[in-house]
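Each chain is listed here by its residues.
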Amino acid sequence: MLKLRFYGDPVLRKISKAVQNGELSETFLKEMSEIMYTQDGVGLAAPQVGISKRFFLYDIGEQLNVVVNPEILEKSKETEIGQEGCLSIPEVYEDVPRSAKIKVKYQDQHGNFYVKEMTGYEARVFQHELDHLNGKLFIDYLSLIKRRTLKPQLDEIKEKGEEILKRKLHSPEGTKSV
């Protein structure tokens, strides 16, 4: 059974390995998507459930997308600042700059290739999830001062991640995490 990993877990800082054909079962992807939807997330990368492989799921309200072995082919110089959160860092939401437009290449779970241009929220989610595959977290974009301010909260997540996530699920806010 898959389990969500929290800030401080070493798997979140590893660079993931490429997915080979046939490695992703429908059962595995279903279990992963259930975790994402149950936790009210819009994206979930394999390292967040302890798997150091290059794939993630996301759903920005249209349909579930499975993204395997992704890469960004082009990024706009223009950036947009937007608030991000992360299932692996519950209750932390901060403004993060991201490229406003990206051109990406990836496969789906069946091995079909796609090249797609993305803007707005979809581009933000894609970049956030791809960062997970490279061992990077959204808090890495924050200033040193901001990260120091968050240190007590991050230390608590390291220690009590699951408790915090359960508390978040029962709060009335309804804020989604990337």
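Just so we're clear, the structure is a prediction, and the values are computed from it rather than from any experiment.

Engineer: Mind showing me how you'd approach the overall build of the protein chain here?
Structural biologist: Within the protein chain, the secondary structure is distributed over three helices and seven strands. Listing every helix and strand of the protein chain by position from the N terminus yields α-β-β-β-β-β-β-β-α-α. Taking 2.2 N^0.38 as the reference for a compact globule, 178 residues should give roughly 16 Å; the C-alpha atoms of the protein chain span a radius of gyration of 16 Å, in line with that estimate. By principal-axis analysis of the C-alpha atoms, the protein chain measures approximately 45 × 40 × 30 Å. Burial statistics for the protein chain: of 178 residues in total, 47% are counted as buried. Counting contacts in the protein chain only where the partners sit at least 6 residues apart, residues at least 24 apart contribute 68% of the total. Of the roughly 9,400 Å² that the protein chain leaves accessible, carbon and sulfur atoms contribute 48%. For the protein chain, the centre of its 27 positive side-chain charges and the centre of its 28 negative side-chain charges are spaced 6 Å apart.

Engineer: Please explain the pattern of salt bridges as it appears in this structure.
Structural biologist: Taken as a whole and judged by the stated rule, the model has eleven salt bridges. Here Glu94 makes a salt bridge to Lys146, at a shortest N to O gap of 3.5 Å. Separated by 52 residues along the polypeptide, Glu94 in strand β5 (residues 89-99) and Lys146 in helix α3 (residues 144-169) bring together distant segments of the chain. Assessed through its relative accessible area of 15%, Glu94 is described here as buried. Put simply, Glu122 and Lys116 hold a salt bridge, and the shortest N to O gap is 3.0 Å. Using a relative accessible area of 13% as the deciding quantity, one classes Glu122 as buried. A relative accessible area of 28% means that Lys116 is categorised as partly exposed. The structure contains a network of salt bridges with shared partners spanning Glu84, Arg98, Arg124 and Asp131.

Engineer: Please explain the sheet that holds strand β1 (residues 43-45) as it appears in this structure.
Structural biologist: Within a beta sheet, neighbouring strands are joined by backbone hydrogen bonds and run either parallel or antiparallel to one another. Spatially, the five strands line up as an open sheet ordered β1-β2-β3-β6-β7, and their pairing is antiparallel. Sheet topology places β1 and β7 (113-119) at the edges, where each strand pairs with a single neighbour. This sheet shows a mean twist of 40 degrees between the axes of neighbouring strands, independent of strand direction. Note that β1 and strand β2 (residues 55-58) share three bridges and pair antiparallel. Within β2, the residue paired with Ala45 across the bridge is Phe56.

Engineer: Would you mind going over the nonpolar core with me for this structure?
Structural biologist: Inside soluble globular proteins, nonpolar side chains tend to come together where they are buried. Met32, Leu44, Phe55, Ile89 and Ile139 are the most contacted members of the largest nonpolar core, which totals 30 residues. Of all the secondary structure elements, the ones that give two or more residues to this core are α1 (26-38), β2, β3 (65-75), β5 and α3. Looking at this core, the element that brings in the most residues is α1, giving five residues. Not counting residues up to four positions away in its chain, the partners in contact with Ile89 are Tyr7, Leu137, Phe138, Ile139, Leu154 and Ile157. Core analysis: the next-biggest nonpolar cluster, separate from the first, contains 14 residues, Ala45, Met118, Val125 and Leu130 among them.

Quick notes on the rules
Residues numbered from 1 in each chain as written. Predicted model: local features only at pLDDT ≥ 70, side-chain atom pairs only at ≥ 80, totals over all residues. Heavy atoms only, no water. Helix = DSSP H or I, 4+ residues; strand = E, 2+ residues; numbered from the N terminus. Rg over C-alpha atoms; globule rule 2.2 N^0.38 Å. Buried < 20%, exposed > 50% of the residue type's maximum accessible area, 1.4 Å probe, protein only. Contact = heavy atoms within 4.5 Å. Areas by Shrake-Rupley, 256 points an atom, 1.4 Å probe, with all protein chains shown as cover. Lys, Arg positive; Asp, Glu negative; His and termini not counted. Charge placed at Lys NZ, Arg CZ, Asp CG, Glu CD. Salt bridge = Lys/Arg side-chain N within 4 Å of Asp/Glu carboxyl O. Pairing = 2+ DSSP bridges. Axes fitted to C-alpha atoms, helices over the stretch in contact; angles between N-to-C directions. Core = buried A, V, L, I, M, F, W, Y, C linked by side-chain atoms within 4.5 Å.

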